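# An overview of the molecular structure
Below, each chain spelled out in residue letters.
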Amino acid sequence: MDDNTPKLIEKSEDGLYEHYSFTADKGQKPLRIDKYLMNFVENATRTKIQAAAKSGNIHVNGEPVKSNYKVKGEDAIKVLFEHPPFENLLVGEDMPIDIVYEDDDLLVINKQAGIVVHPGHGNYSGTLINGLIFHFDNLPNNSSDRPGLVHRIDKDTSGLLVVAKTEQAMAHLSAQFKAKTSEREYVAIVWGNVDEDEGTIEGHIGRHPKNRLQNTVFFGEDEDKGKPAVTHYKVLERLGYVTLVSCKLETGRTHQIRVHMKHIGHTLFNDERYGGERILKGTTFTKYKQFVDNCFKILPRQALHAKTLGFVHPTTNKFMSFNTEIPEDMATCIEKWKSYSKHLDE
């Protein structure tokens, strides 16, 4: 299947568009194209997809189609979404940034859950980068032209990020992440009682062939469809039907912890994209369902926090390590599970 990374293209005098190309799998069962595309284009609403179809901007096998067109196996699909003027994409916005550390070369940020790191389809404002370019001048661009960003974490994951303030810092820090010498530890609540006290998950990660908003683990003959990924995990506390774990990243693939933990049968708690928003372990009692629903309300996101971050400073060459407290929503959820698990042991 073709890569669905958006590319900005100019369409005559109408402005800029984001262009996506797909080839449907051979075994694709007939499915309305608006529903199909919602699984493949992040943040694309059904309304936006239908508007694109109405404008003649969804083509299948070279012909424009309506939003009720049924996608079939091996259909070649091309979509154009209207894009805001490029000069408006990176506008500085005065927003609070929780800075843990700052010097002339870099800053370390504790990102709150719910904040998108960089602009993309459907998120052209309110991102961390919008805040960064408001507060800091002349941030260096990374290889994807994103000011200051050395690495990223998902919108609904909280925790630590390092941001480069100079070209030298960008090159130095990026090289560390590429060489896997940086240290990153996450804390997660996962469904189920993890069998081993600690272990290592190795599995090539790539885009899911059926749902392009997910990644998955490829192995055996399909290994080359993904990139090598290694996650080391350790049980911190067993809480009945969920487990509190520490995950250390050896590599940094998109959704790595979320994908690897699901792969071993322990999907992250309330991870909607990977099915963790359903009750995956526990009883059928109504009171238990109410308890879990309350936990979901307290923690309305995947239970994942980037707790520690370590790297060598690009100028002093000294190793620096940073640690953050688990945020309130996740900490409250953990306490509720602690109380519930004590009740189970009685």
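Keep in mind that this is a model prediction, so the values were computed, not measured.

## Topic: the overall build of the protein
Counting its regular elements, the protein contains 7 helices and 18 strands. In terms of C-alpha radius of gyration, the protein reaches 22 Å, essentially the compact-globule figure of 20 Å for 346 residues. In terms of principal-axis extent, the alpha carbons of the protein reach across some 65 × 55 × 40 Å. Among the 346 residues that make up the protein, the fraction classed as buried is 47%. About 17,700 Å² of surface is accessible on the protein, with carbon and sulfur atoms providing 47% of the total.

## Considerations on the pairing of strand S11 (residues 183-191)
Among the 9 residues in S11, 8 count as buried, and that is most of the element. Where S11 meets strand S17 (residues 304-312), 6 bridges bridge the pair, whose relative direction is antiparallel. By the bridge assignment for S17, Arg184 is matched with Leu309.

## Let's talk about the packing of aromatic side chains
Throughout the structure, instances matching the rule amount to 13 aromatic pairs. Both rings, one in Phe291 and one in Trp337, keep their centres 4.8 Å apart while their planes meet at 85°; by these two values the pair is edge-to-face. Highlighted residues: Phe291 in helix H6 (residues 286-298) and Trp337 in helix H7 (residues 328-345), separated in sequence by 46 residues. Look at Phe291 and you get buried, because its relative accessible area is 11%. With centroids separated by 5.9 Å and ring planes inclined at 75°, the aromatic side chains of Trp337 and Tyr340 adopt a geometry described as edge-to-face. Separated by 3 residues within a single helix, Trp337 and Tyr340 lie in helix H7, roughly one turn from each other. Take Trp337: its relative accessible area is 0%, and that puts it in the buried class.

## Structural notes on the nonpolar core
In terms of nonpolar packing, the biggest core is built from 30 residues, with Leu128, Leu132 and Ile257 touching the most fellow members. Secondary-structure elements contributing two or more residues to this core are strand S9 (106-111), helix H3 (128-135), strand S10 (158-164), S11, strand S15 (230-239), strand S16 (242-249), helix H5 (256-263) and S17. In this view, Leu128 contacts Ile97, Ile109, Ile115, Val116, Val117 and Leu161; residues no more than four positions away in its chain are not counted. By size, the runner-up hydrophobic cluster in this structure holds 20 residues, among which are Phe40, Val60, Val65 and Val71.

## Describing the pattern of salt bridges
Side chains that differ in charge, positive against negative, can pair when their charged atoms come close. Evaluated as defined, the whole model comprises 13 salt bridges. Notably, a salt bridge pairs Arg46 with Asp34, separated by 3.1 Å at the nearest N-O pair. With a gap of 12 residues between them, Arg46 in helix H2 (residues 46-54) and Asp34 in helix H1 (residues 33-38) connect regions that are remote in the sequence. Among the residues examined, Arg46 registers a relative accessible area of 32% and is labelled partly exposed. By sharing partners, the salt bridges in this structure join Arg152, Asp154, Arg258 and Asp271 into a single network.

## What about the side chain of Thr157?
Relative to the helices and strands, Thr157 resides in the loop between H3 and S10. Since its relative accessible area comes to 1%, Thr157 is described here as buried. Non-local contacts of Thr157, meaning those with residues more than four positions away in its chain, are made with Lys111, Gln112, Ala113, Tyr186, Arg301, Gln302, Leu304, His305 and Ala306.

## Some points on H5
Of all the 8 residues making up H5, 6 are buried; the element is thus mostly covered by neighbouring parts of the structure. Among the residues of H5, Gln256, Ile257, Arg258, Val259, His260 and Met261 are the ones counted as buried. At the exit of H5 stands Gly265, carrying a positive phi of roughly 90°.

## Details of the state of the cysteines
Applying the stated criterion across every chain yields a total of 0 disulfides. Free of any disulfide, Cys295 has its nearest cysteine sulfur in Cys333, 4.3 Å distant.

## Things to note about the pairing of S10
Among the 7 residues in S10, 7 count as buried, and that is most of the element. In the sheet, S9 pairs with S10 via 6 bridges, with the strands oriented antiparallel. Across the sheet, residue Leu106 finds its bridge partner in S10, namely Ala164. Alignment of S10 against S17, held across 2 bridges, turns out to be parallel. Considered in S17, the bridge of Gly159 is made with Ala306.

## Let's talk about unusual backbone geometry
Positive phi, close to 65°, is recorded for Lys180, a residue that is not glycine. Residue placement: Lys180 occurs in the loop between helix H4 (167-179) and S11. For Asn317, which is not glycine, the phi dihedral falls at a positive 60°. Assignment of secondary structure puts Asn317 in the loop between S17 and strand S18 (319-323). When its relative accessible area of 53% is taken as the criterion, Asn317 is described as exposed.

About the criteria used
- Residues numbered from 1 in each chain as written.
- Predicted model: local features only at pLDDT ≥ 70, side-chain atom pairs only at ≥ 80, totals over all residues.
- Heavy atoms only, no water.
- Helix = DSSP H or I, 4+ residues; strand = E, 2+ residues; numbered from the N terminus.
- Rg over C-alpha atoms; globule rule 2.2 N^0.38 Å.
- Buried < 20%, exposed > 50% of the residue type's maximum accessible area, 1.4 Å probe, protein only.
- Areas by Shrake-Rupley, 256 points an atom, 1.4 Å probe, with all protein chains shown as cover.
- Pairing = 2+ DSSP bridges.
- Phe/Tyr/Trp six-rings, centres within 6.5 Å; stacked < 30°, edge-to-face > 60°.
- Core = buried A, V, L, I, M, F, W, Y, C linked by side-chain atoms within 4.5 Å.
- Contact = heavy atoms within 4.5 Å.
- Salt bridge = Lys/Arg side-chain N within 4 Å of Asp/Glu carboxyl O.
- Disulfide = S-S within 2.5 Å.

Functional significance is not addressed by these values, which are geometric in nature.
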